[in-house]
Amino acid sequence: MASISIQHLYKQYGKDKQLVVNDFHLDIRDKEFLVFVGPSGCGKSTTLRMIAGLEDISEGEVYIGEQLVNQLPPKDRDIAMVFQNYALYPNMTVYENIAFGLRLRKQARHEIDLAVRRAARVLEIEPYLDRKPKELSGGQRQRVALGRAIVRNPKVFLMDEPLSNLDAKLRVQMRMELIKLHKTLGATFIYVTHDQIEAMTMADRIVVMKDGVIQQIDTPETIYQKPGNTFVASFIGSPQINFIEGKITEEAGGGLAFSTSRFALRIPSDAAELLRKHRKIERRVTLGIRPEHIGPEGLYSDSVFTGIYKIDELMGADRFLHLDIGQQKPLVVRVEAHYRCEENERLRLVIDMSKALFFDADSGERLT
């Protein structure tokens, strides 16, 4: 298989040279499952297409293995691409769709048959080999598209939002199938999605992008627990992280607190030390806290404050409470489904301040 090295990649469009990918620099390990994630228009699909050779590179270099591939056509890069719309031939059977690329290469008939049936067995679509695409469900069509990629035995699989046309149940099923497929094939996977749940559940590492620029590259756990800035923090996680605007103040005993017009929260000593180093005392900062790290009084030991209950969302085993705490946006708290409260009820809540993140109020960069 192959590692990939992307060195200072740029993509510009039009006479005004609009920059859609800006200094993209990344080394992808052999057999890694890497996911590009970000909002629509952030440059993730354009980057994937430059790796594939479907899009010209304005500046920079792409290496697959040790080979510079900038000038190589897609067919010579030893990659296989799976698209959002399946791109199956409607007049061909499943067998013929999977075999099509191998026939173009003029491989021997028995080799083609062996490769097609092996891929069909791995993807559990053997009963459908004689059917046409219109006779298949969305999930089955996506398996056929994957089968067409598998039989080529490429060094690298490139996948551009391949599950976005499936319903929610099928997406969950196909995520698990892709994880199993990656382990079975032992190939390098690069996967593009705007769905942060797909990124979190499938990736070895995630590349978070915004406006053509890499915001953070790390494991799903690290990106969730230690996002590099407020954009990453808000994009990864469902429901979204809470942001509370306030400033850092000194307490009488020498400690630090995060203060708003309604309450003050004691800051743990390790975070306080970093905030002092950043010279943030009496300065505005943004506190970030995940909904699961807030709860009714008594759940944690410190930092009690109050919020006024407005609405909630029942999400099966969990309930998300939306509370007014005097900020522009409501505070979202994750509690167990059986938790009940009255409209406009004043609730005493506690934040687990060991899980609190602090961000610069101007740049959005994480401070602690």
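Residues numbered from 1 in each chain as written. Predicted model: local features only at pLDDT ≥ 70, side-chain atom pairs only at ≥ 80, totals over all residues. Heavy atoms only, no water.

## A look at the pattern of salt bridges
The criterion, for reference: The rule for a salt bridge is simple: a side-chain nitrogen of Lys or Arg has to be within 4 Å of a carboxyl oxygen of Asp or Glu. Helical segments are the DSSP runs of H or I of at least four residues, strand segments are the runs of E of at least two, and each set is numbered from the N terminus. Burial here depends on accessible area, computed with a 1.4 Å probe over protein chains only, as a share of the maximum for the residue type. Under 20% is buried, over 50% is exposed, and the range in between is partly exposed.
If you walk through the whole model with that rule in mind, you get 15 salt bridges. Ionic pairing is found between E250 and R276, a salt bridge with its closest N-O pair at 3.4 Å. With E250 in strand β11 (residues 242-250) and R276 in helix α9 (residues 269-277), the pair connects residues that are 26 residues apart, well separated along the chain. Judged by its relative accessible area of 48%, E250 falls in the partly exposed class. The partner of R334 in a salt bridge is D318, and the shortest N-O contact between them spans 3.0 Å.

## Let's talk about the environment of Y13
Put simply, the test is: Any two residues whose heavy atoms approach within 4.5 Å at even a single point are treated as in contact. Polar contacts here mean pairs of N or O atoms no more than 3.5 Å apart (in protein, one a potential hydrogen donor and the other a potential acceptor; neighbouring residues in sequence count only if both atoms are side-chain atoms).
By the element assignment, Y13 lies in strand β1 (residues 4-13). Each C-alpha atom, one on Y13 and one on A233, is 30 Å from the other, the two residues being 220 residues apart in sequence. Each residue touching Y13, except ones within four places of it in the same chain, is listed here: Q18, V20, T46 and E55. Here the side chain of Y13 touches E55 through a polar contact of 2.9 Å, side chain to side chain.

## Some thoughts on the side chain of T188
The topology assignment puts T188 in strand β8 (residues 188-193). For T188, a relative accessible area of 0% translates into the label buried. Only 2.6 Å separates the side chain of T188 from the backbone oxygen of A2, close enough to count as a polar contact. Setting aside residues up to four positions removed in sequence, T188 forms contacts with A2, I4, I28, R29, D30, K31, E32, K155, V156 and F157.

## Examining the sheet that holds strand β16 (residues 304-315)
Defined as follows: Think of it this way: DSSP has to see at least two bridges between two strands before they count as a pair. Angles run from 0 to 180 degrees between N-to-C directions of axes, and those axes are lines fitted to C-alpha atoms, restricted for helices to the stretch in contact.
Sheet architecture is open: five strands sit in the order β15-β19-β16-β17-β18, paired in antiparallel fashion. Strands with a single pairing partner mark the edges of an open sheet, and in this sheet they are β15 (294-296) and β18 (331-336). With direction set aside, neighbouring strand axes in the sheet form an average angle of 50 degrees.

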